[in-house]
Amino acid sequence: KAGVTQTPRYLIKTRGQQVTLSCSPISGHRSVSWYQQTPGQGLQFLFEYFSETQRNKGNFPGRFSGRQFSNSRSEMNVSTLELGDSALYLCASNSGNNEQFFGPGTRLTVL
Amino acid sequence: AQSVAQPEDQVNVAEGNPLTVKCTYSVSGNPYLFWYVQYPNRGLQFLLKYITGDNLVKGSYGFEAEFNKSQTSFHLKKPSALVSDSALYFCAVRDASGVSYIPTFGRGTSLIVHP
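Below, the structure is looked at part by part. These numbers were taken from a predicted model, which means no experiment stands behind them.

1. Observations regarding the pairing of strand β5 (residues 31-38) of chain B
Sheet faces and side chains relate simply in a regular strand, where the side chains alternate between the two faces.
All names here are of chain B.
Piece 1. Most of β5 is tucked away: eight of the eight residues are buried.
Piece 2. Here β5 shows no split at all, with P31, L33, W35 and V37 on one side and Y32, F34, Y36 and Q38 on the other all buried.
Piece 3. Sheet analysis places β5 next to strand β10 (residues 87-95), joined by eight bridges and oriented antiparallel. Paired with F34 across the bridge in β10 is A92.
Piece 4. In the sheet, β5 pairs with strand β6 (residues 44-50) via six bridges, with the strands oriented antiparallel. Each residue of the ladder has a partner; that of Q38, found in β6, is L44.
Piece 5. Turn length for the β5-β6 hairpin, with the two strands adjacent in sequence and antiparallel, is five residues, and the turn residue N41 shows positive phi of about 60°.

Set out below in structure tokens:
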């Protein structure tokens, strides 16, 4: 069974630009969660999608958005990038057994 | 509300010695508890979970954790540490009676095992 795939793995952007990150969950998993990981704040929950619907949302500004497609693949978008958005963005494929399977992450650097 | 605390930013242990990584939690109802490990430039890997039943939970790579309801703790342990265990460890909690299916993660504890 293939694992969680995240693309791209690394990304460098400048302030004010926007970025789209992609996540393909484990086959059969219908729920995907996104997290932002930084050294100072640890792992912070962004949002969760289940069957194309946002089911939970963390405490992030509206510049952070996401969506899920019918094949369960998910994207997250960050508009008007700020220096503080530099982080590792992790996607988790959620099983129905209370386990999360994480992808390798996308390392975003904002200059 | 649910929260989790990992009181140590870093734990140092010599190879072959037992290790403990501490975690305490707070939930309104019954807890679902998890441990994950993260190696450099990798995502988190699931180690073990407590949902119900035996308070001592055994997981991957020889790790185990003990659920202590009275102390609201779920410390991660291993009898004999390996250098390859050096990584970042995250504890997470979810309220079993909560509306959200999403766990809250601790800030992580860096485990360094010295040869």
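Moving on from the model shown.
2. Here we look at the interface of chain A and chain B
Piece 1. The partner chain B presents 20 residues to the 21 residues of chain A that form the contact.
Piece 2. Counting the surface chain A buries against chain B, the share from its top three residues, A:L43, A:N98 and A:Q100, is 32%.
Piece 3. B:K49 is the partner of A:E99 in a salt bridge, and the nearest nitrogen-oxygen pair spans 3.2 Å.
Piece 4. Counting the contacts that link chain A with chain B gives three residue pairs in polar contact (both at pLDDT 80 or more).
Piece 5. Only β4 (31-38), β5 (42-50), β6 (53-57), β9 (87-94) and β10 (100-102) of chain A provide two or more residues apiece to the side of chain A that touches chain B.

3. Notes on the packing of aromatic side chains
Piece 1. A full pass over the atoms with the stated rule returns 12 aromatic pairs over all chains.
Piece 2. For the ring pair A:Y35 and A:F102, a centre distance of 5.7 Å and an interplane angle of 45° mean the geometry is tilted. With A:Y35 in strand β4 and A:F102 in strand β10, the pair connects residues that are 67 residues apart, well separated along the chain.
Piece 3. Their ring planes at 65° and their centres at 5.1 Å tell us that A:F60 and A:F64 sit as a pair that is edge-to-face.
Piece 4. By way of ring pairs, the aromatic residues A:Y35, A:F45, A:F102, B:Y36, B:F46 and B:F105 are connected into one cluster.

4. Description of the side chain of A:S95
Piece 1. Considering the arrangement of structural elements, one finds A:S95 in the loop between β9 and β10.
Piece 2. Looking at A:S95, the relative accessible area reads 19%, which means it is buried.

5. Points about empty space enclosed by the protein
Piece 1. Within this structure, the stated rule accounts for one cavity of 30 Å³ or more.
Piece 2. Within this model, the largest cavity holds a volume of roughly 40 Å³.
Piece 3. If you trace the largest cavity, you find it lined by A:R9, A:Y10, A:L88, A:P104, A:G105, A:R107, B:N41 and B:R42.
Piece 4. For the lining of the largest cavity, the residue count by class is three nonpolar, two polar and three charged.

6. Some thoughts on the state of the cysteines
Piece 1. For the structure on display, the rule yields two disulfides over all chains.
Piece 2. Across the disulfide, A:C23 is cross-linked to A:C91 (sulfur-sulfur distance 1.8 Å). Handedness here is read from the sign of the S-S torsion; for A:C23 and A:C91, about -55°, the answer is left-handed. Of this pair, A:C23 sits in strand β3 (residues 19-24) while A:C91 sits in strand β9, and the two are 68 residues apart along the sequence. Of the two residues, A:C23 and A:C91, both sit in the buried class.
Piece 3. One disulfide bridge connects B:C23 with B:C91, the sulfur atoms lying 2.0 Å from each other. Residues B:C23 and B:C91 are joined through a disulfide that is left-handed, its torsion about the S-S bond being -60°. Remark: B:C91 occurs in strand β10 and B:C23 occurs in the loop between β3 (19-21) and β4 (24-26); sequence separation between them is 68 residues. Per residue, the accessibility class of B:C23 equals that of B:C91, and both read buried.

What counts, and where the lines are drawn
Residues numbered from 1 in each chain as written. Chains lettered and ligands numbered in written order. Predicted model: local features only at pLDDT ≥ 70, side-chain atom pairs only at ≥ 80, totals over all residues. Heavy atoms only, no water. Buried < 20%, exposed > 50% of the residue type's maximum accessible area, 1.4 Å probe, protein only. Helix = DSSP H or I, 4+ residues; strand = E, 2+ residues; numbered from the N terminus. Pairing = 2+ DSSP bridges. Contact = heavy atoms within 4.5 Å. Buried area = accessible area lost by both parts, 1.4 Å probe. Salt bridge = Lys/Arg side-chain N within 4 Å of Asp/Glu carboxyl O. Polar contact = N/O pair within 3.5 Å; in protein donor to acceptor, adjacent residues only side chain to side chain. Phe/Tyr/Trp six-rings, centres within 6.5 Å; stacked < 30°, edge-to-face > 60°. 1 Å grid on protein atoms, 1.4 Å probe; cavity = no way out; pocket = protein on both sides within 12 Å on 5 of 7 lines; lining within 4 Å. Points joined across faces, edges and corners; volume = space filled by probe spheres on them. Nonpolar A, V, L, I, M, F, W, Y, C, P; charged D, E, K, R; others polar. Disulfide = S-S within 2.5 Å.

None of this, on its own, says anything about what the molecule does.
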